[in-house]
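# Understanding the architecture of this molecule
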Amino acid sequence: MHMADALLSPAVGGTLWAVSGGLIAFCARKVKQTMQDHLVPLMGVMGAFVFAGQMINFSIPGTGSSGHLCGGLMLAILLGPWAAFLVIASILTIQSLFFADGGVLALGCNIFNMGFLPVFVAYPLYKLITKGRHGSPLAWAASIVSAVIGLVLGAFGVVLETTASGISELPFGSFVLVMLPIHLAIGLVEGLATATVVSFVFRARPEILQAEPEAGIRIRPILVGLAVAALVIGGAFSWFASTHPDGLEWSVVRVSGSEEVAGSNAEIHQHLAGFQRKVAFLPDYGFKAGEAEEEACDAWPSVSAGATVSGLVGGSLTLGLVVLTGLALRLRPVRQAK
Amino acid sequence: MRLADWTEIGRMDELGRMDSPVHRLDPRAKVLVSLVFIVLVMSFPRYEISALVPFLFYPVGLIALARIPMRHIMKKMLIAAPFALLIGLVNPLFDRQPMCSVGPLELSGGWVSFISILFRFVLTVSAALALVAGTGMYRLGAGLERLGLPRVFAMQLLFLYRYLFVISDEAARIMRGVRLRSVGSGALGLRVYGSLVGQLLLRSMDRADRIYQAMVARGFDGEIRLLQQSVPGWCDAVFAGCSLILLGAARVWNLSDLLGIWLAGGVS
Amino acid sequence: MSIPAVAVYDLSYAYPDGTEALRGITFTVEPGLAVALVGANGAGKSTLLQHLNGGLFNARQGEVRIGETVVSRKSVSLVRHAVGMVFQDSDDQLFMPTVAEDVAFGPLNAGLSSEEVERRVESALERVGMTQVRERPPYRLSAGEKRAVAIASVLAMEPEVLVMDEPSANLDPRARRRLIELLRSFGHTRIIATHDLELAVEVCSRVIVLDEGRVVADGPMVGILNDEALMEEHGLERPHILRHMHPHT
């Protein structure tokens, strides 16, 4: 579920960073406005609770496996959507920084998939169905239904973002077919876990759950927000999908600041390739590889014969240099210490 | 999250509190360079490998200078790898066009892009881990706040991190109690699970309440103020400037290729 | 007679669920005195402490004065700077990411200049002998160190009155000994709620015994704690240390 950086293009990652960053800023403002100062420590501790709660597993009825709480829907029920979104975003940030669980570039995507969707789509649904009757059979159903919807939407987000990035070759359709059933199951487990914990809390301390609705949300602004987000993201995705099959050129342009750099880059390659043909050792391999190259990657025609061989040699040498540098840097302070 | 992960987070925390030239750099400079690094790495076309190699200098240099055990970073990378690995492995299945050959071996485009994905994974993950292990959560959080992260969120990160250790101790105590009284696996029935996690939840909320009392007792008014941080010095500017120039150069020119060509030229 | 540092008049309080926690508590404490507050669990110690620094102030009747100030919603920020509260669980009190940040929390909230904040942090840590853990995160400290830092975080606000809830809870013998020496060395007015009667004997000269929200005894330490009948009636035990002490000392 956590996306890694390695499969994401900067364009998609950047777009989702912007969306999630905006949401964080927005929710931070909301939390500050409705302040409720006690939320400051409560949010922090609840984030730690979700982490710690994952140490406790339950066996999933009817199967041999076990599951635990992911916590998105639960946080929304306990803290209200604004605070819950910030807590989830902070959990994902810590996971990405300390466990490499989801990349840094992918953080925007992960916050959107696992924060925005459960909190601003699944939770309003939960509220709509239960109308405050926590612990009732209706609430169990609501919790399962909304958790499933939240997770499936999240999985769909993963697929969309990966496909739009164009680094993985996995076709959209089969990716969906793999991801959706898995997340349907995870959603069921999440819904069960959420319902059982919420109903426990409701029995033990009903006032905790009753205190929230005042700070709650109206459905309409959420729907509007969702529509806007969908438009932005859909627009961005379809633009990448149509103009740039792999969304790469655009990002190169963005990073290097102009289209010319990509062009000059290619020129250098061509130029060097020509130079390479004159001076190359192993000319056979170079030529042979070059032909295949030209056919295979029309998306990046600048990769050429010479580039491959010299890339191989230079690449391994560079790798060697990296290792040596690492060792040298490591030795240095020790020598100082002596 | 398993128990072993907690010792891991503790280990990262220890690394983050060491003292080294890297730890002494302004966190903002490190965050900036690391972000640029990740975006640059991911901006390469999907079949690129050789041009990515010089990028290794950055994480390796950072890790070595910060005196972080390389083994530790590698172990963490292995644990995090499966998802990228799994999705990446699909590439050779779908993209079978031959692309280049190394000696008698012919590589399809799918394999090349798979290797490229692995390389990107190693680069981005090691850079992020090096940033955290070479900065520490506190300095990182304070630095992010000064880079414009909303204060509410920066404090949320720091509070969450602060109480991770406390709450996880409580969860571990609960689990120990359960294990002492039950036989078999650690997985529980749904009803027991609900009451255990519910207990943990209520205890956590009570703790939050006491923390709030303690904050109020010392004049908390909704705003959290941090001590003044050091101002960035010329060291930080040099680090950021040089890294950005080198990274930019490695993005524009394929340095591995240039090295190879230069060598080839020299040989013949 | 000087104005008492702390004065409580006829204070009663009931929790929202109706539980009566305090029933007509009255006492005064002279400046610089150390007073122990003892009583079985549920006797109302913690509730009383919360009233002393404005943690709770919607008392049903009666009032609390700190110096000349009556504790009320209006005066609460003044009161919180005059009364430093040390909580029972140091993990609840040390919520900031490093020791230095934590000790600076109160002074920063008071809007002091950064030089003054720095001076306060340094002198508070020095006072409790914890300058060496300045940059450490609180969760990396031993229980004794945590307690000392928690006290420093309160000292940095330069309060006139120190209020403590079970300061020796969870401490090993050596850390407890160090705490006792520290508490004895303070010149502040001290109100210490504790089950650790031996600590009370060493630090305080006066004791107030609470039971069911009432003051059942108030007087010199040794006389009251030696009154075996009184102690047992209110769920307490005559401390062992007194058996070896001469009653007149």
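These numbers were taken from a predicted model, which means no experiment stands behind them. (Residues numbered from 1 in each chain as written. Chains lettered and ligands numbered in written order. Predicted model: local features only at pLDDT ≥ 70, side-chain atom pairs only at ≥ 80, totals over all residues. Heavy atoms only, no water.)

### Details of helix α5 (residues 70–80) of chain B
Residues and elements named next belong to chain B. Among the residues of α5, H72, I73, K76, M77 and A80 are the ones counted as buried. Projected down its long axis, α5 shows its buried positions confined to an angular sector of 135°, all on one face. In α5, the exposed residues that point more than 90 degrees away from the buried face are R71, L78 and I79. (Buried < 20%, exposed > 50% of the residue type's maximum accessible area, 1.4 Å probe, protein only. Helix = DSSP H or I, 4+ residues; strand = E, 2+ residues; numbered from the N terminus. Arc of directions from axis to C-beta.)

### A short note on the interface of chain C and chain B
Accessible area lost on assembly of the parts is the figure often given for the size of an interface. With 32 residues of chain C at the interface, the matching set in chain B holds 31 residues. The junction of chain C with chain B conceals about 2,800 Å² of combined surface from both sides, 57% of it contributed by carbon and sulfur atoms. Broken down residue by residue, the surface that chain C buries against chain B is led by C:D92, C:F95 and C:Y139, which jointly contribute 24%. Applying the counting criterion to the chain C and chain B interface returns 7 salt bridges. Measuring nitrogen to oxygen at the nearest pair gives 3.2 Å for the salt bridge that ties C:D89 to B:R207. Linking chain C with chain B are 16 residue pairs in polar contact (both at pLDDT 80 or more), by the criterion used here. Of all the secondary structure elements, the ones that give two or more residues to the side of chain C that touches chain B are α3 (90–93), α4 (99–109) and α5 (114–127) of chain C. No other element matches α4(C), which puts 8 residues into the side of chain C that touches chain B. Its residues placed into classes, the side of chain C that touches chain B shows 15 nonpolar, 9 polar and 8 charged. (Contact = heavy atoms within 4.5 Å. Buried area = accessible area lost by both parts, 1.4 Å probe. Salt bridge = Lys/Arg side-chain N within 4 Å of Asp/Glu carboxyl O. Polar contact = N/O pair within 3.5 Å; in protein donor to acceptor, adjacent residues only side chain to side chain. Nonpolar A, V, L, I, M, F, W, Y, C, P; charged D, E, K, R; others polar.)

### Overview of the nonpolar core
If you look at the biggest cluster of nonpolar residues, it comprises 207 residues, and the most contacted ones within it are A:L79, A:I94 and A:F98. Looking at which element gives the most residues to this core, the answer is helix α9 (residues 151–181) of chain B, with 18 residues. Contacts of A:I94, omitting those with residues within four sequence positions, involve A:F51, A:F99, B:I9, B:M137, B:L157, B:L160, B:Y161 and B:L164. Membership of the second largest hydrophobic core comes to 52 residues, among which are C:A34, C:A36, C:M164 and C:L230. (Core = buried A, V, L, I, M, F, W, Y, C linked by side-chain atoms within 4.5 Å.)

### Brief notes about the sheet that holds strand β7 (residues 161–165) of chain C
Residue and element names in this part refer to chain C. If you trace the 6 strands from one edge of the open sheet to the other, you get β6-β7-β8-β3-β9-β10, paired in mixed fashion. Pairing within the sheet leaves two strands with one partner each, and these edge strands are β6 (83–86) and β10 (214–220). Strand-to-strand twist across the sheet, computed as the mean angle between neighbouring axes with direction ignored, equals 15°. In this sheet, strand β9 (residues 206–211) lies alongside strand β3 (residues 34–38) in parallel orientation, the contact comprising 4 bridges. The residue bridging V35 from the neighbouring strand is R206, located in β9. Across the sheet, helix α6 (residues 143–155) is in contact with β6 and β7; its angle to β6 comes to roughly 165°. (Pairing = 2+ DSSP bridges. Axes fitted to C-alpha atoms, helices over the stretch in contact; angles between N-to-C directions.)

### What to know about a nonpolar patch on the surface
On the surface, A:L321, A:V323, A:L324, A:L327 and B:F57 cluster together to form a nonpolar patch covering roughly 450 Å² of accessible area. A total of 4 residues in the nonpolar patch trace back to one element, the largest contributor, which is helix α13 (residues 305–337) of chain A. Note on placement: A:L324 falls in helix α13. With a relative accessible area of 56%, A:L324 lands in the exposed category. (Patch = residues over 30% accessible without salt bridge, like charges linked within 9 Å, V, L, I, M, F, W, Y side chains within 5 Å. Areas by Shrake-Rupley, 256 points an atom, 1.4 Å probe, with all protein chains shown as cover.)

### Notes on the pairing of strand β1 (residues 6–14) of chain C
Residues and elements named next belong to chain C. In terms of strand pairing, β1 meets strand β2 (residues 20–29) through 6 bridges, oriented antiparallel. Bridging from a neighbouring strand, Y13 pairs with L22 of β2. Between the antiparallel neighbours β1 and β2 lie 5 residues, among them G18 with a positive phi of about 100°. Note that β1 and strand β4 (residues 61–66) share 5 bridges and pair antiparallel. When the sheet's bridge partners are listed, V6 is paired in β4 with I66.

### Overview of the pattern of salt bridges
Applying the stated criterion to the full structure yields 29 salt bridges over all chains. In this structure, B:R28 and B:D26 form a salt bridge, with 3.1 Å as the shortest nitrogen-oxygen distance. For B:D26, a relative accessible area of 6% puts it in the buried group. A salt bridge links C:E135 to C:R134; the nearest nitrogen and oxygen atoms lie 3.1 Å apart.

### Re the packing of aromatic side chains
To describe a pair of aromatic rings, you give the distance between the ring centres and the angle between the ring planes. In the structure shown here, the tally under the stated rule is 20 aromatic pairs over all chains. Aromatic pair A:F85 and A:F120: ring centres 5.9 Å apart, planes at 45°, arrangement tilted. Of the two residues, A:F85 sits in helix α4 (residues 81–99) while A:F120 sits in helix α5 (residues 107–130), which places them 35 residues apart along the sequence. Across the pair, A:F120 and A:F85 agree in class, each one buried. Aromatic rings pair up to connect A:F26, A:W82, A:F85, A:F112, A:F116 and A:F120 into one cluster. In this structure, A:K30 packs its charged tip against the face of A:W82, placed 5.5 Å from the ring centre. One Lys or Arg, B:R162, reaches over the ring of B:Y163 and ends 4.7 Å from the middle of that ring. (Phe/Tyr/Trp six-rings, centres within 6.5 Å; stacked < 30°, edge-to-face > 60°. Lys NZ or Arg CZ within 6 Å of the ring centre and 35° of its normal.)

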